[in-house]
Amino acid sequence: SSGINAEEAVVSTQSTGLTVCPGGFSSYVHLAETYAPGAGLMIAIKSVVLWPLVYHSLNGFRHLAWDMGKGFQIPVLYKSGWTMLAISLATSLILAASL
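Within every chain, residues take consecutive numbers counted from 1 along the sequence as written. Selection of residues for local features in this predicted model requires a pLDDT of at least 70, selection of side-chain atom pairs for listing and counting requires 80 or more, and totals for whole chains, interfaces and linings are taken over all residues. The side-chain numbers reported here are obtained from all heavy atoms of the structure, hydrogens and water having been left aside.

K.L.:
Hey, could you go over the overall build of the chain for me, with residue numbers and the actual values?
P.N.:
Counting from the N terminus, the helices are the DSSP runs of H or I reaching at least four residues and the strands are the DSSP runs of E reaching at least two. Of the regular secondary structure elements, the chain holds 4 helices and 0 strands. Along the chain, helices (α) and strands (β) appear in the sequence α-α-α-α when read from the amino end. Taken across its 99 residues, the chain has 22% of its residues classed as buried. In this description, contact between two residues means that some pair of their heavy atoms is separated by no more than 4.5 Å. A separation threshold of at least 6 residues defines the contact pool for the chain, and within that pool the share at least 24 residues apart is 67%. Computed with the Shrake-Rupley method and a 1.4 Å probe, the accessible areas treat only the protein chains shown as cover for residues. Taken as a whole, the chain presents about 6,800 Å² of accessible surface, with 72% of it coming from carbon and sulfur. Each residue gets one of three labels from its accessible area relative to the maximum for its type: buried under 20%, exposed over 50%, partly exposed in between, using a 1.4 Å probe on protein chains only.

K.L.:
Before we move on, can you summarise helix 3 (residues 39-67) with the specific residues and values?
P.N.:
Each residue after the first adds 1.5 Å to the expected span of a helix. The first and last C-alpha atoms of helix 3 sit 41 Å apart over 29 residues, in line with the 42 Å expected at 1.5 Å per residue. Helix geometry: helix 3 is bent most strongly at Leu50, by close to 40 degrees, with proline Pro52 lying one to four residues after it. Within helix 3, burial applies to Met42, Lys46, Ser47, Val49, Leu50, Trp51, Pro52, Val54, Tyr55, Asn59 and Arg62. Gly69, located one to two residues past helix 3, shows a positive phi value of around 85 degrees. The seven residues ending at a residue and the seven starting there each receive a fitted axis; the angle between those axes is the bend at that residue.

K.L.:
Break down the packing of aromatic side chains for me, citing the residues and quoting the values.
P.N.:
Side-chain rings of Phe, Tyr and Trp, where Trp is taken by its six-membered ring, are said to pair if the distance between their centres is within 6.5 Å; with planes under 30 degrees apart they count as stacked, over 60 as edge-to-face, and otherwise as tilted. Counted under the stated rule, the structure contains 2 aromatic pairs. Relative to Phe72, the ring of Trp66 has its centre 6.3 Å away and its plane inclined at 25 degrees; by these criteria the two rings are stacked. By relative accessible area, which is 22% here, Trp66 ends up partly exposed. Phe72 sits in the partly exposed class, given a relative accessible area of 48%.

K.L.:
Account for the packing of helix 3 against helix 4 (residues 74-98), naming residues and giving values.
P.N.:
To define axes, lines are fitted to C-alpha atoms, for helices over the stretch in contact only, and angles between the resulting N-to-C directions are given on a 0 to 180 degree scale. Between helix 3 and helix 4, the shortest axis-to-axis distance is 7 Å and the interhelical angle comes to 140 degrees. Viewed along their axes, helix 3 and helix 4 adopt a mutual orientation that is oblique. The crossing of helix 3 and helix 4 is right-handed. Classification convention: Asp, Glu, Lys, Arg as charged; Ala, Val, Leu, Ile, Met, Phe, Trp, Tyr, Cys, Pro as nonpolar; all other residues, Gly among them, as polar. When the residues that make up the contact of helix 3 with helix 4 are grouped by side-chain class, the tally is 16 nonpolar, 7 polar and 2 charged. When an angle is under 35 degrees it counts as roughly parallel; over 145 it counts as roughly antiparallel; between 65 and 115 it counts as roughly perpendicular; any other value is oblique. Handedness of each helix crossing follows the sense of rotation of the near helix against the far helix: counterclockwise by less than a right angle gives left-handed, clockwise gives right-handed.

Listed below in structure tokens is the structure:
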């Protein structure tokens, strides 16, 4: 089914909330680093925050292709969807590791 699911709504709301809260995103990253036991967990936390933003940004390219009338066949839709998911997860992890 199309639409937003509960997990996506929670993560998107939390990520958006962190970007507009007082002190900015970097102060919350520093706070999480203070309490997080190790770099691996910090990368995971940052990835969870970054993923909705990265996914929706990159998925815009998929929508541009649709606007041009390309990629509407069911096999292509599934392939492009899974590709966007994989690329957005990898990009989120890379960004989280570099921040």
